[in-house]
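Close look at the chain arrangement
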Amino acid sequence: MAQKGKIKSGEKTVIKGTCLSSFGDNSNVSCVDVKDNKIVRIRPLHYDWRYKPEEFNPWQYKARGKTFEPPLKSPLPPFGVAYKKRIYSPNRILYPLKRVDWDPKGERNPQNRGISKYVRISWDEALDIVAGEIKRVVKKYGPEGVLLQAEGHGESKVVNAAHGCPTYLMKLLGGYTQQVRNPDSWEGWYWGAKHVWGNEPVGLNMEFSSNLYNDVAHNTEMLICQGADPETTPWGFGGGCLPSLMCYWYSELGIKQVYICPDLNYGAAVHADKWIPILPNTDVALQLAVAYQWITNGTYDKAYVKTHVIGFDKFSDYVLGKEDGVPKTPKWAAAKCGVPSRIIKALAKEWAAKRTTVAHGYGGPYIRGPYSSEPARMEVCLLGMQGLGKPGVNQLTFVEGTMLGAYNRGRAGKGQAMGMLTPTSIIRPMVNAAYRGYIPFMWKQQSIIPKTILHDVIESGKYDIYGSSDQMDPVEDQFKHYVYPLPGKQEIHMLWTDTPCFTTCWNDGNAFHRAMRNPKIEFMLVQHPWLENDSIFADIILPSNTKFEENDIGADHWPVQYNCVYLEEKAIEPRGESMSDYEIVEAIADKLGLKEKYNEGKSIQDWIKVGFDGSQMEKSGLCTWKQLNEKKYYVVPTDPNWEKIPAGMIEFYQDPEKSPMSTPTGKLEFWSQRLAEHFPDDDERLPVPHWVEKSEFHDERISSDRAKQYSLLCISNHPRWRVHAQLDDVTWFHEIVTGKVRGSDGYLYEPVWLHPSDAAKRGIKNGDIVNLFNERGQVLGGAYITERIMPGVVYIDHGARYDPIVPGEIDRGGAINTICPHHTTSKNCAGMVTSGFLVEAKLADMNGLRRQYPEAFNRPYDKASGQTMERVLYKGEE
Amino acid sequence: MKVLVIDINKCNGCYNCQVACKDEHVGNDWTPIAKPQPDTGQFWMKVTDVVQGSVPKVRVRYMHDICQHCDDAPCIPACKAGSIYKREDGIVVIDPEKCTGARQCIDACPYKVIYFNSDLNISQKCTMCAHLLDKGWKEPRCVDACPTGALTFGEEADLKDLIAKAEILHPEYKVKPRVYYIGLLNKYFIAGAVYDPEADECLEGAMVTLTNTKNKKKSTLKTDVFGDFWFERQEPGKYSLVIEKAGYLSRKVESIDAVKDLNLGDFELYKKVA
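If you're wondering where the values come from, they're calculated on a predicted model, not measured in any experiment.

1. A few points about the overall build of chain B
A tally of helices and strands in chain B yields 6 helices and 17 strands. Against the 2.2 N^0.38 benchmark of 19 Å for 274 residues, chain B shows a C-alpha radius of gyration of 24 Å, more extended than a compact globule. Residues classed as buried in chain B amount to 54% of the 274 residues present. In chain B, of all internal contacts separated by at least 6 residues, the share reaching a separation of at least 24 is 59%.

2. Some details on the overall build of chain A
Helix and strand content of chain A: 28 helices and 37 strands. Since a compact globule built from 878 residues should have a radius of gyration of about 29 Å, the 26 Å found for chain A is in line with a globular shape. With the C-alpha coordinates aligned to their principal axes, the bounding extent of chain A is approximately 75 × 70 × 55 Å. In chain A, which comprises 878 residues, the proportion classed as buried is 71%. Here the analysis covers contacts within chain A between residues at least 6 apart in sequence; of these, 77% occur between residues at least 24 apart. Chain A carries 104 positive and 107 negative side-chain charges, and their two centres are separated by 2 Å.

3. Considering the pattern of salt bridges
Counted under the stated rule, the structure contains 79 salt bridges over all chains. Residue K489 of chain A pairs with E144 of chain A through a salt bridge whose shortest N-O separation is 3.5 Å. Within this pair, whereas K489 of chain A is found in the loop between β18 (481-484) and β19 (494-497), its partner E144 of chain A is found in the loop between α3 (123-141) and β8 (146-148), the two being separated by 345 residues in sequence. You can call K489 of chain A partly exposed: its relative accessible area is 38%. The class of E144 of chain A is buried, set by a relative accessible area of 11%. In this structure, K252 of chain B and E254 of chain B form a salt bridge, with 3.8 Å as the shortest nitrogen-oxygen distance. In this structure K252 of chain B comes out as exposed when scored by relative accessible area, which is 52%. Through salt bridges with shared partners, a single network forms among D33, R41, R43 and K84 of chain A together with D23, E24 and R141 of chain B.

4. Notes on the environment of V175 of chain B
Residue and element names in this part refer to chain B. Within the secondary structure, V175 is located in the loop between α6 (160-164) and β9 (179-182). Judged by its relative accessible area of 6%, V175 falls in the buried class. Measuring from C-alpha to C-alpha, the distance between V175 and L120 comes to 29 Å, with 55 residues separating the pair along the chain. What V175 contacts, discounting residues up to four positions off in sequence, is C70, D71, D72, A73, P74 and Y111.

5. Re the interface of chain B and chain A
Taken together, the contacts link 55 residues of chain B with 59 residues of chain A. Surface buried jointly by chain B and chain A totals about 4,300 Å² across both partners, of which 54% is contributed by carbon and sulfur atoms. Looking only at chain B, the three residues that lose the most surface to chain A are D23, D200 and F226 of chain B, adding up to 15% of its buried area. Where chain B touches chain A, the interface holds 12 salt bridges. Between K256 of chain A and D224 of chain B there is a salt bridge, and its shortest N-O distance comes to 3.4 Å. Across the contact surface, chain B and chain A share 30 residue pairs in polar contact (both at pLDDT 80 or more). Looking at the side of chain B that touches chain A, the elements that each hand over two or more residues are α1 (16-25), β2 (45-54), β3 (57-66), α5 (141-145), β11 (201-202) and β14 (228-234) of chain B. For the side of chain B that touches chain A, the class distribution of residues is 26 nonpolar, 12 polar and 17 charged.

About the cut-offs
Residues numbered from 1 in each chain as written. Chains lettered and ligands numbered in written order. Predicted model: local features only at pLDDT ≥ 70, side-chain atom pairs only at ≥ 80, totals over all residues. Heavy atoms only, no water. Helix = DSSP H or I, 4+ residues; strand = E, 2+ residues; numbered from the N terminus. Rg over C-alpha atoms; globule rule 2.2 N^0.38 Å. Buried < 20%, exposed > 50% of the residue type's maximum accessible area, 1.4 Å probe, protein only. Contact = heavy atoms within 4.5 Å. Lys, Arg positive; Asp, Glu negative; His and termini not counted. Charge placed at Lys NZ, Arg CZ, Asp CG, Glu CD. Salt bridge = Lys/Arg side-chain N within 4 Å of Asp/Glu carboxyl O. Buried area = accessible area lost by both parts, 1.4 Å probe. Polar contact = N/O pair within 3.5 Å; in protein donor to acceptor, adjacent residues only side chain to side chain. Nonpolar A, V, L, I, M, F, W, Y, C, P; charged D, E, K, R; others polar.

Below, the structure written as structure tokens:
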């Protein structure tokens, strides 16, 4: 069952991309040294290992009398360097497991999901059960009875795709219900900014990102990072540590870097010339006040607004207070956002006087709070008031650059040819022809459930909404009406996931648990390498393995220094009885008599060749299949004409008629006609951007009555020492001060950042175990008392591994998403809200908790890595 | 002879060096240079977050503690078993096969960079990955994994210019370390902001003069658009400060004690009345 080609003893080096974005798009390429079937080390690939630099036409940036020379090795983040710990993690699932009190022929006991334990079963038995259940569900409820979660972040594998392999099988059985992924990384941009400037598919500037690193170097005078951490977000995805290097160079060039965020994030810590602390999710107030200053003082580009902007008058009326009688002055804003009015004035003055680019990773908590559509589209409006697109004035995306823009152009038939954030390669190497998983671009099922309302839909059995929230859908989809179940179709009764992390990564994990225990869900199937998070709710768990145990092909085409194609040869034999996700589904297909249809008559090696052929390397005369097999990797040379590609939005700036944006008028629409037409009564997302204090759905401001009980605003970032839920068990990260806080009880708590003034008020000292709580539940953490956070705010990363003291109520592991808001971004925006909400912090009453829940504190625990597998393995107890 | 130069100004706090060292030495046996270190608890390359200042004038810098491979290493004579030696390339090695676990080296080391492995009963520390250098590697793991160029390793003669910009840690120990630091965290910033509370505006262009009380040296800065001033890398000691702007009453601050990075806070200036 495991992949063919047993490893010979001896030493060898293989190549593996360590990007954890998944979807077959790779980055952070590494060399893996192996000896006698054991991984010795993981280290950066030096591009000039088997090629002379001249062969790949190395590039440089020259600006303001200085030169930037990109390093000749891949900028691996610590995730890649430490990845051995995941391959050999004590949480690896090594054989199939079945929940002890789930019997597909008898009692299923859904109420015990998350509580009852697991017994080992054979692959044969597991596959029989799985195939039997699929057949039964499809027969009884139709293929739509099966929900596939099908995609998420994780290892970037192509043939052995980590997510979505089940979609190919279910399509052969007549279809399935797709869990639609909301624009989780882009909420505000998708729901808000797209209405101002289009910029499909996600509303963050991706299509018009070519050569922006260079444009900033030459022309930008001030770089604002508002909801941006170039030192953290790129790590898990693309670009590794290259954005870090760019920021250091920008400082050398004298470009002023201003960070506007509640926490001194890791980028601000080393790059900020100015930190402007701001309360979570209050950016709109600051932005409105900046616009107020510009309008009142006439310090904006009036000529540009006349030719490039629609609806400025209505926007201006709101800003000046003509619409609601409240002028959005700096003093008004200061009370909302915690930034002193004089600082707002100085920012407005400097922004107007200096060529300013705003930079992001994806936006983070800035665009993942309640009403996130508003700060996102305000930002575009502010940029639009200062000549967006002129040299030095753009929106820079550190992580992806043009990547999704390239997908979008392909979809729109515009051809892929476009630049990259970094000097573009002659060809952008893509091996996706061999991708056997699913990404939202590929297709969209008719039967869908938005992930953000999955818990509600299971409980109620229906929904009736506008907009599917599918992150790759064009903006028009937000006006489309969707109902579930589809006419003539039934609800879901089986959940099949290869991305079991809703609990700690999505909205209201506690509600998700309740839904998992609903008897409507007759079968929950998990396939995953590690037994973490949602996995403990499964009825059957199948062990998939890591890419280091598989053969595959990879291509680095995120914005790193150089793009590569590489053969990812197997490093070690599969651990235990694990197989790749692709092989697992193939085995299930085999039981259903569909193996040849599923693998299309191809072996994994055949698929690897398909991927290589699709990359155009051989067709373009760049690299033959033979050469790739000899050298194992190929560095695509830099396009000698890279500098000629227009930078950022310069073409729109120069001629908005000739190069329009994809909005209905082709211009920047500060007032959106379509929003006015479709949602005239939507107070949370009006035709012009607004400050929304509260609504039926959300009441999370410091002005709220709730704030009397829950007086702190919580900010939750993309984690520093994880990629979402992954890597939470890496002992080497736990030893880092911001990694985990070891409590007085020896447990590794998730760090909770508090300002000394807030800690003192609550009698909390550094290292204390604290309880963060609101009406939705309680989450424990370890106090990190620091000046790296502003008063009034508590900071905790999302993604910590769930460890329930009381399932659905009290979590010890630090999974803050169990108590984040239940409701979506706003009434008509089914986005997630995972930051910018009220909590209170107090010293945890550990004695009280131990007295009340002794079993919760007696579970097996490893002092270095955390929860152990033993906890979930059935030992014959009652 | 080899040297390591650590440029703290270029360190972004990624901890790659600390982690790469673990990747190399946990679970891997490099006898006769080094035996495996335990999974946790030892930090042959140790990174520490140093938080400077107070809200909103806060920075983080990262200190690196590592065996200094001293030319006059006190650990060598301290070891009664004679297990510690200095190679021709300058690297100091504790022979893991000769070590008797007596821990004299741990007591003798003034930099506190030697660790005790109680499972193997031996003392352990950084080896500059000598086992890799001997196989042809140009740099130890930490330097190879560093993405920003904060770590530089090589021949002392080749790195003369870089060394000239650097300093050693605790020169008073007098042990001739082979590790150099640029941007060592022994000087502090003194910062603050100036504003006009009546106009509710930051004051740009105010002249701020910092005087070292002991040696009377003066530094002058003009506040920026946010009214901010940052005096960088001041010697520890006592200072006084004067803030002046045409049309405003001056402010003076005495007894500033720079024992760490200081945010002096926000200073109000009031207009002179006629």
